[in-house]
Amino acid sequence: MRMSQLVGRRVKEDPKDAVIPSHKFLIRGGYVRQVSAGIFSLLPIGKRIIAKIEAIIRDEMNKIDGQEIMMPVVLPAELWEESGRYESVGPELLRFKDRNGKRMILAMTHEEAVVHLIRTEVTSYKQLPVMVYQIQTKYRDEARARGGLIRVREFTMKDAYSFHTSQECLEEYYKEAHEAYVNVFRRIGMKNVLSIESNSGMMGGKVSHEFMAVSEFGEDTIFVSPDYTYRANREVAHADWKFEKEEPQELEKVHTPGKESIEEVSSFLGLKPENTGKAVFYKDHEGKLVFAMIRGDFEVNESKLSNFVQSAELEFADDELIRSVGAVPGFASPMSIDRDKVRIVIDRSIAESSNLVVGANEKDYHYKNFNYGRDLQDVEITDIATVREGDTCPVTGQPLKLERGIEVGNIFQLGTKYTETMNCHYLDENGKSQVPIMGCYGIGVGRSMASVIEQSHDDYGPIWPITIAPYEVQLCALNPKKDEIRELSEKLYKEMKSAGIDVLYDDRGEKAGFMFSDADLIGIPLRLVVSPKMLADGKVEFKRRGSRDGETWPVEEVMDKIKAEIAAEYEKFA
RNA sequence: CGGGGUAUAGCGCAGUCUGGCUAGCGCAUUUGGUUUGGGACCAAAGGGUCGCAGGUUCGAAUCCUGCUACCCCGACCA
């Protein structure tokens with residue numbers, strides 16, 4: 001490709017809206033352009049990167065016997081009504097009507113569509129297990145798009161779905177898919193990606209993993225042990241907390257005028273937050289009150305609580321609802337409240353500690369020396385605590401470290417949630433009707449591209465791994481008005497093209513600095529410069545992206561040497 | 001959805017408070033010339049419904065009302 005013809009200009013200044021490096025460079029380098037909030041066009045070099053990422057994904061999916069298909073973006077609402085998600089999913093599902101008034105949706109994921117397909121095409125145990133996948137557009141009407149390609153509304157996703165006759169078979173395939181994902185991210189040159197335990201929550205499965213590109217700009221918080229043996233999303237992370245019981249002392253009501261928060265109460269009484277119990281009230285999806293209690297120095301983990309009470313939409317309860325069960329906001333206690341109207345869930349930190357300060361359900365009063373077992377019985381006890389940096393790793397015993405991550409992929413053991421509700425069956429070897437067990441596997445393609453930039457750039461632009469770089473080699477002709485420069489550059493360009501090398505040829509005759517700055521923004525890993533100075537000695541300069549020092553190659557050796565360099569680059573990601 | 005901000009040429013911005021000549025600057029673009037190793041120089045040129053609608057006024061980018069879009073923080077996130 002000749003740079004003089006390339007669509008997509010480079011810009012010198014950072015776009016005012018961009019706050020993270022990948023967003024800045026994607027705009028400045030001419031990879032993408034925003035059309036609307038969270039909606040982007042891909043320009044030629046962006047599209048080439050995406051195509052290369054997709055090719056690697058395809059290769060790995062095909063290796064684990066995936067069969068590529070393509071399902072529609074627009075789906076009838078009735079398909080989503082079958083699974084129940086037409087109602088259960090919020091406004092991020094874009095609903096609309098066609099000209100006949102028929103209710104339609106823009107697919108944000110394809111479990112329904114794939115079950116619709118598989119239930120008619122796969123009817124015998126002999127056809128199982130089977131995996132189908134597609135690389136296709138998804139639309140999610142995000143409340144707030146952000147971070148360039150990190151959180152968008154329309155995006156390309158590879159989504160794969162597997163169907164099995166047994167849980168064992170699913171688990172075995174799940175391992176293969178996990179391995180394939182590791183290969184994908186290695187091959188696209190993502191330097192630091194972790195597979196972590198994640199929250200399958202309402203998706204219906206038991207086991208799931210997220211693949212996180214570690215980045216300070218990630219939206220997810222993850223906890224890892226120092227040796228990375230333990231890796232989990234904050235939503236599900238747990239720690240090896242140790243609590244100690246002391247001799248219970250007599251329950252004592254104390255006057256705490258106007259002291260509502262943990263900090264106020266504990267400092268007023270000359271105690272530490274860990275000597276108190278904190279009450280947090282939520283409203284579940286049916287509007288019922290959930291009373292969560294945790295030791296004062298912890299925070300309630302809403303994901304854990306939400307999973308435990310099987311309610312997808314927990315929200316903070318208002319004071320009116322709290323009072324309706326006999327509790328007093330700011331001075332609430334699980335004792336002496338209407339147990340029929342409220343579900344009480346207490347954290348282990350409460351059940352396994354002693355002599356805590358808790359509310360007295362009376363304005364301006366607390367109790368000292370609350371002890372679970374003596375002062376409260378028969379409530380649900382579980383782990384609803386949010387892990388803090390430095391808490392003890394449940395596996396290694398070491399202090400946990402906090403990282404931020406961009407979710408670039410996820411894999412779920414779904415079970416039969418969709419196959420069952422949508423009447424998907426096959427006949428087993430005994431001629432009996434069975435429901436297949438499902439797994440699903442996603443990769444965000446554009447988000448992966450952005451994540452590679454986050455992990456591989458310098459002040460001047462992205463540094464692409466050769467496996468996904470828009471071109472393998474950039475050829476720069478410095479001063480092509482000079483015949484010998486132009487002639488050699490054209491010759492090298494043609495030779496590389498016919499040798500099957502992806503080459504971007506800067507034939508514009510710009511000043512060196514201008515040309516190199518553009519080259520840095522395009523981030524091609526290998527660069528050849530034809531210049532009068534070098535050519536006087538019969539040499540051409542070779543540079544790697546990211547290094548300011550080059551080598552000089554004799555003109556007649558350029559083709560051999562560049563082929564060797566390209567091969568060596570690919571070797572790094574094999 | 002809550003809080004904050006922005007909207008003027010392709011991009012980045014000034015002008016708005018305090019209404020007043022033909023709306024300006026840098027970059028980019030086009031033409032001619034000089035240049036050519038890390039974002040050159042000279043000269044000329046093209047490019048604007050000042051987000052939209054309504055109002056006030058002799059006169060509105062500027063004041064008033066309503067709306068919309070976009071960005072940031074938060075909430076939400078199959």
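Residues numbered from 1 in each chain as written. Chains lettered and ligands numbered in written order. Predicted model: local features only at pLDDT ≥ 70, side-chain atom pairs only at ≥ 80, totals over all residues. Heavy atoms only, no water.

Novice: Tell me about the state of the cysteines, residues and numbers included.
Specialist: Under the criterion given, the structure shown has zero disulfides. In this model C424 remains outside any disulfide bridge; the closest cysteine sulfur is found in C440, 14 Å from its own. With relative accessibility at 1%, the residue C424 sits in the buried group. (Disulfide = S-S within 2.5 Å. Buried < 20%, exposed > 50% of the residue type's maximum accessible area, 1.4 Å probe, protein only.)

Novice: Any chance you could break down the pairing of strand β21 (residues 401-415) for me, citing the residues and the numbers?
Specialist: In terms of burial, β21 is a largely internal element, twelve of the 15 residues being buried. Bridge count for strand β10 (residues 208-214) against β21 is seven bridges, and the pairing is antiparallel. Bridging from a neighbouring strand, H209 pairs with I411 of β21. With five bridges joining them, strand β11 (residues 220-224) and β21 adopt antiparallel strand pairing. Bridging across to β21, D220 finds its partner in G405. (Helix = DSSP H or I, 4+ residues; strand = E, 2+ residues; numbered from the N terminus. Pairing = 2+ DSSP bridges.)

Novice: A description of the protein's contact with RNA strand B should follow, citing residues and the corresponding values.
Specialist: Near RNA strand B you find 42 residues, and of these R85, R140, R144, D520 and S531 are the closest. Near-protein atoms of RNA strand B (within 4 Å) split between backbone and bases, with sugar and phosphate holding 43%. R146 has a polar side-chain atom sitting 3.2 Å from a base nitrogen of RNA strand B. R151 has a polar side-chain atom sitting 2.4 Å from a base oxygen of RNA strand B. The dominant element in the surface near RNA strand B, judged by the number of residues it contributes, is helix α14 (residues 512-522), at eight residues. A breakdown of the residues in the surface near RNA strand B according to their chemical character gives eleven nonpolar, nine polar and 22 charged. (Near = heavy atom within 4 Å. Polar contact = N/O pair within 3.5 Å; in protein donor to acceptor, adjacent residues only side chain to side chain. Nonpolar A, V, L, I, M, F, W, Y, C, P; charged D, E, K, R; others polar.)

Novice: Report on the packing of helix α2 (residues 44-63) against helix α6 (residues 167-187), specifying residues and quantitative values.
Specialist: The geometry of α2 relative to α6 is characterised by a closest axis approach of 9 Å and an angle of 155° between their N-to-C directions. By the angle between their axes, α2 is roughly antiparallel relative to α6. Read as a crossing pair, α2 and α6 show a hand that is right-handed. Counting all contacts with α2, which are made through I56, I57, D59, E60, M61 and K63, the residues of α6 involved are A180, Y181, N183, V184 and R187. Counted by class, the contact of α2 with α6 contains six nonpolar, one polar and four charged residues. (Axes fitted to C-alpha atoms, helices over the stretch in contact; angles between N-to-C directions. Parallel < 35°, antiparallel > 145°, perpendicular 65-115°, else oblique. Left-handed = near helix turned anticlockwise from the far one by under 90°. Contact = heavy atoms within 4.5 Å.)

Novice: Account for the side chain of D284, naming residues and giving values.
Specialist: Relative to the helices and strands, D284 is located in the loop between β14 (277-283) and β15 (289-295). If near-sequence neighbours (up to four positions away) are discounted, D284 is found in contact with V290, S311, E313 and L314.

Novice: Summarise the packing of aromatic side chains; cite the residues concerned and give the values.
Specialist: Counting across every chain of the model gives eleven aromatic pairs. A ring pair is formed by Y181 and F185, whose centres lie 6.2 Å apart and whose planes are at 80°; its orientation type is edge-to-face. In this pair, Y181 and F185 both sit in helix α6, four residues apart, roughly one turn of the helix. We classify Y181 as buried; its relative accessible area is 0%. For F185, a relative accessible area of 0% corresponds to the buried category. Taken together, a centroid distance of 5.6 Å and an interplanar angle of 35° make the contact between F185 and F211 tilted. (Phe/Tyr/Trp six-rings, centres within 6.5 Å; stacked < 30°, edge-to-face > 60°.)

Novice: Quick rundown of the environment of H164? Include the residues and the values.
Specialist: By the secondary structure assignment, H164 is in strand β8 (residues 154-164). A sequence separation of 85 residues divides H164 from Q249, and the C-alpha atoms of the two residues are 57 Å apart. Discounting chain neighbours no more than four positions away, the residues touching H164 are P129, C169, L170, Y173, P436, I437 and Y441. Within the structure, H164 has its side chain in polar contact with the side chain of S162 (distance 2.7 Å).

Novice: Can you explain the sheet that holds strand β16 (residues 315-316)? Please cite residues and give values.
Specialist: What the five strands build is an open sheet, ordered β16-β14-β15-β17-β20; its pairing is mixed. At either end of the open sheet lies a strand with only one pairing partner, and these are β16 and β20 (380-382). Sheet topology note: the strand β17 (residues 342-347)/β20 ladder contains three bridges and is parallel. Each bridged residue has a counterpart across the sheet, and for V345 the counterpart in β20 is E380.

Novice: Give me the lowdown on unusual backbone geometry, citing residues and values where you can.
Specialist: A negative phi angle characterises most non-glycine residues, just as the trans form characterises most peptide bonds. Looking along the chain, the bond that leaves L128 and enters P129 is cis, with omega of 0°. If you trace the backbone, P129 turns up in the loop between α5 (111-121) and β7 (130-139). The phi torsion at N361 lies on the positive side, around 55°, for a residue other than glycine. For N361, the location among the structural elements is in strand β18 (residues 356-362). In this structure, N423 is a non-glycine residue whose phi angle is positive, near 55°. Its location among the elements puts N423 in the loop between α11 (417-421) and β22 (426-427).

Novice: Describe the sheet that holds strand β5 (residues 95-97), and please don't skip the residues or the numbers.
Specialist: Taking strand neighbours across the sheet as the criterion, the three strands line up as β4-β6-β5 in an open arrangement whose pairing is antiparallel. Every interior strand has two partners, whereas the edge strands, β4 (74-76) and β5, have only one. Taking the axes of each pair of neighbouring strands and ignoring which way they run, one obtains an average angle of 40° across the sheet. Note: β5 against strand β6 (residues 103-106), three bridges, orientation antiparallel. What sits directly across from K97, in β6, is R103.

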